[in-house]
Amino acid sequence: MATQETFSRLELDERGVAWLTLERPEVHNAFDDHLIAELNGHLERLHAAATSGEVRVVVLGSEGKSFSAGADLNWMKRMVEYDFDGNLADSRKLSALMHGLDTLPCPTLCRVQGAAFGGAVGLAACCDIVVAAEKAKFCLSEVKIGLSPAVISPYVQRAIGPRQMRRYALSAEVMDAPTALALGLAHQVVDADALDDAVAAMLETLLAGSPQAQRATKALLAEVAREPDSKATREHTCRVISELRVSAEGQEGLASFFEKRRPAWTNESDNRVAENKAAEPRS
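The model shown is predicted, which means the values in this text are computed figures rather than measured ones.

1. Focus: the nonpolar core
Here is step 1: Counting residues in each nonpolar core, the largest one holds 51 residues, and the members touching the most others are Val112 and Phe138.
Here is step 2: Here this core gets seven residues from one element, more than from any other, and that element is helix α1 (residues 33-52).
Here is step 3: Phe138 has contacts with Val112, Ala116, Val121, Ala124, Ala132, Glu173, Val174, Met175, Ala180 and Leu185, leaving out every residue within four places of it along the chain.
Here is step 4: Core analysis: the second largest hydrophobic core is formed by 14 residues, Val59, Leu195, Val199 and Leu203 among them.

2. A look at the sheet that holds strand β5 (residues 115-117)
Strands in a sheet are paired, the pairing made by backbone hydrogen bonds, and the direction either parallel or antiparallel.
Here is step 1: Ordered in space as β5-β7-β8, the three strands form an open sheet in which the pairing is mixed. Two strands lie at the open edges of the sheet, namely β5 and β8 (174-176), each paired on one side alone. Across the sheet, the axes of successive neighbouring strands diverge by a mean angle of 20°, strand direction being ignored.
Here is step 2: Both strand β7 (residues 137-139) and β8 contribute to a ladder of three bridges, which runs antiparallel. Counted as the bridge partner of Cys139 is Val174 from β8.

3. Considering the sheet that holds strand β6 (residues 129-133)
Here is step 1: Strand order across the open sheet formed by six strands is β1-β2-β3-β4-β6-β9, with mixed pairing between neighbours. Looking at strand neighbours, the two that pair on one side only are β1 (8-12) and β9 (188-190), the edges of this open sheet. The sheet shows a mean angle of 15° between the axes of neighbouring strands, taken without regard to direction.
Here is step 2: As judged from the six bridges shared by strand β2 (residues 17-22) and strand β3 (residues 57-62), these two strands associate in the parallel manner. By the bridge assignment for β3, Leu22 is matched with Ser62.

Parameters at a glance
- Residues numbered from 1 in each chain as written.
- Predicted model: local features only at pLDDT ≥ 70, side-chain atom pairs only at ≥ 80, totals over all residues.
- Heavy atoms only, no water.
- Core = buried A, V, L, I, M, F, W, Y, C linked by side-chain atoms within 4.5 Å.
- Buried < 20%, exposed > 50% of the residue type's maximum accessible area, 1.4 Å probe, protein only.
- Helix = DSSP H or I, 4+ residues; strand = E, 2+ residues; numbered from the N terminus.
- Contact = heavy atoms within 4.5 Å.
- Pairing = 2+ DSSP bridges.
- Axes fitted to C-alpha atoms, helices over the stretch in contact; angles between N-to-C directions.

What follows is the structure in structure tokens.
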């Protein structure tokens, strides 16, 4: 029985950083139903691993010169023959991908080295932090082929705001990296040669934070975004900080601050690196 070709890979390093990588450079990492199914499977595993604390940060990236060209042309040709129900089923799988990425409990970092078109803009918008190369380009290109950035619209509009969303979703203009930075779609733009160093530096910054506090903060921000200033939200914010203050990790964080030392969770990351190095075979 032939092994099915895979279009992505998921790797976990010794620090608890999960690297989720699109691997279709020959078609500019365009996604189809097979890749979407793969990514949804990876995200299910990542949700469980991030909740347990096994995964600290997820980095979404891709191979080749493009981040992702959006929908695969052959997939789009097949979809032309789908009826409404077939299209609806496909759209729901893409929606599950966006929602799964957006709601990962741990910090997510998107590495954009080149073009991000169509649904790929949604992938970037679903990540907490986007680091882009100066040559990266973003485009909500759907209206040019008679479609709409419908499934990704909640995430992209949240990132760039309703007013800018109207412009770029209706015009399908290409946003260069500085424009994406100004709009809030990207957080940092660097020279292409400095992209990996910038990602590495951001990872170090994220790994210095408390894993428990990051999970709690991410969940809290989602609640606050839904209902910014209700009595229930205000009470929820009070409970979150109170729970963190009395937790073991919160107590350790405060103690390490006053004692002017590194908190235990950074030492645990160092220990995992050391253990893995010690386990490497000697020549």
